[in-house]
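Structural overview for review
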Amino acid sequence: LDRTFAQSLAFVYYWYVVAIYSLSPQSAYHLSELIEDHAYNTYDNFLRTKEKELKHLPVPDVARKYYVDDNPWLRNVCYTSEEHGRSSPNPPRRCVKLESMFDVIRNVRDDEKAHWETLCSLVQYDCLSQPQGSQFRASAPDDNSLASETAA
């Protein structure tokens, strides 16, 4: 029942975003930007409040497969931030070493940040890559958002 409900919501949400996109791509990107920002903050709060417990839990096989065994470099090819992009002198973003469930959740949180940065580029610059010399900022800044963290 829970799975059917979640899948039904995902189906409705998908078509809602398709409808929004057909009217205004920028609005659809902004909606997704807000969701990614919320996801990042949720994972970050979870890490801060449950750090001790998470550091004693093992890494699930599915997480090890995704972050280690599958092609982890493929994620870096699509990374759009100037900080870690192809033309940057900085190395590509890599996953932290998986030693506990804490590290898994931290990687998931950091993935949300990468998604947020890509969506910021789409909303603000209408392109996937961040223009050189620009900074990521939320389209609707919030004190608890990633914008505060990335601008610092």
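Structure report, in brief.

Definitions and cut-offs
- Residues numbered from 1 in each chain as written.
- Predicted model: local features only at pLDDT ≥ 70, side-chain atom pairs only at ≥ 80, totals over all residues.
- Heavy atoms only, no water.
- Helix = DSSP H or I, 4+ residues; strand = E, 2+ residues; numbered from the N terminus.
- Buried < 20%, exposed > 50% of the residue type's maximum accessible area, 1.4 Å probe, protein only.
- Contact = heavy atoms within 4.5 Å.
- Areas by Shrake-Rupley, 256 points an atom, 1.4 Å probe, with all protein chains shown as cover.
- Phe/Tyr/Trp six-rings, centres within 6.5 Å; stacked < 30°, edge-to-face > 60°.
- Lys NZ or Arg CZ within 6 Å of the ring centre and 35° of its normal.
- Patch = residues over 30% accessible without salt bridge, like charges linked within 9 Å, V, L, I, M, F, W, Y side chains within 5 Å.
- Salt bridge = Lys/Arg side-chain N within 4 Å of Asp/Glu carboxyl O.

**A few points about the overall build of the chain**
The helix and strand inventory of the chain stands at 6 helices and 0 strands. Ordered by position from the N terminus, the helices and strands of the chain form the series α-α-α-α-α-α. For the chain, the residues scored as buried account for 35% of the 152 residues in total. If you take every contact in the chain between residues at least 6 apart in sequence, the share linking residues at least 24 apart comes to 57%. In the structure as shown, the chain presents an accessible area of about 10100 Å², 58% of it carried by carbon and sulfur atoms.

**Some words on the packing of aromatic side chains**
Working definition: an aromatic ring pair is given by the centre-to-centre distance plus the angle between the planes. Evaluation of the coordinates by the stated rule reveals 4 aromatic pairs. Each ring, one from Tyr21 and one from Tyr29, has its centre 5.8 Å from the other, and the planes form 70°; the classification is edge-to-face. Ring geometry for Tyr66 versus Tyr67: centroids 4.8 Å apart, planes at 85°, classification edge-to-face. Judged by its relative accessible area of 39%, Tyr66 falls in the partly exposed class. Members of the aromatic cluster, each reached through a chain of ring pairs, are Phe11, Tyr14 and Trp15. Across from the ring centre of Phe102, 4.8 Å away, lies the NZ or CZ of Lys55, which sits over that ring.

**Considerations on a nonpolar patch on the surface**
A surface patch of nonpolar side chains, amounting to about 540 Å² of accessible area, comprises Phe11, Val12, Tyr14, Trp15 and Val18. Residue class for Val12 comes out exposed when judged on its relative accessible area of 54%.

**Notes on the pattern of salt bridges**
Applying the stated criterion across every chain, the model contains 5 salt bridges. Among the salt bridges present, the one from Glu51 reaches Lys55, with a minimum N-O distance of 2.9 Å. Overall, Glu51 belongs to the partly exposed group, its relative accessible area being 34%. We classify Lys55 as partly exposed; its relative accessible area is 44%. Arg106 is the partner of Asp103 in a salt bridge, and the nearest nitrogen-oxygen pair spans 2.8 Å. Within this pair, Asp103 and its partner Arg106 are both found in helix 5 (residues 101-125), separated by 3 residues, close to a single helical turn. In this structure Arg106 comes out as partly exposed when scored by relative accessible area, which is 26%. Within the structure, one salt-bridge network assembled from shared partners comprises Asp44, Arg48, Arg109 and Asp110.

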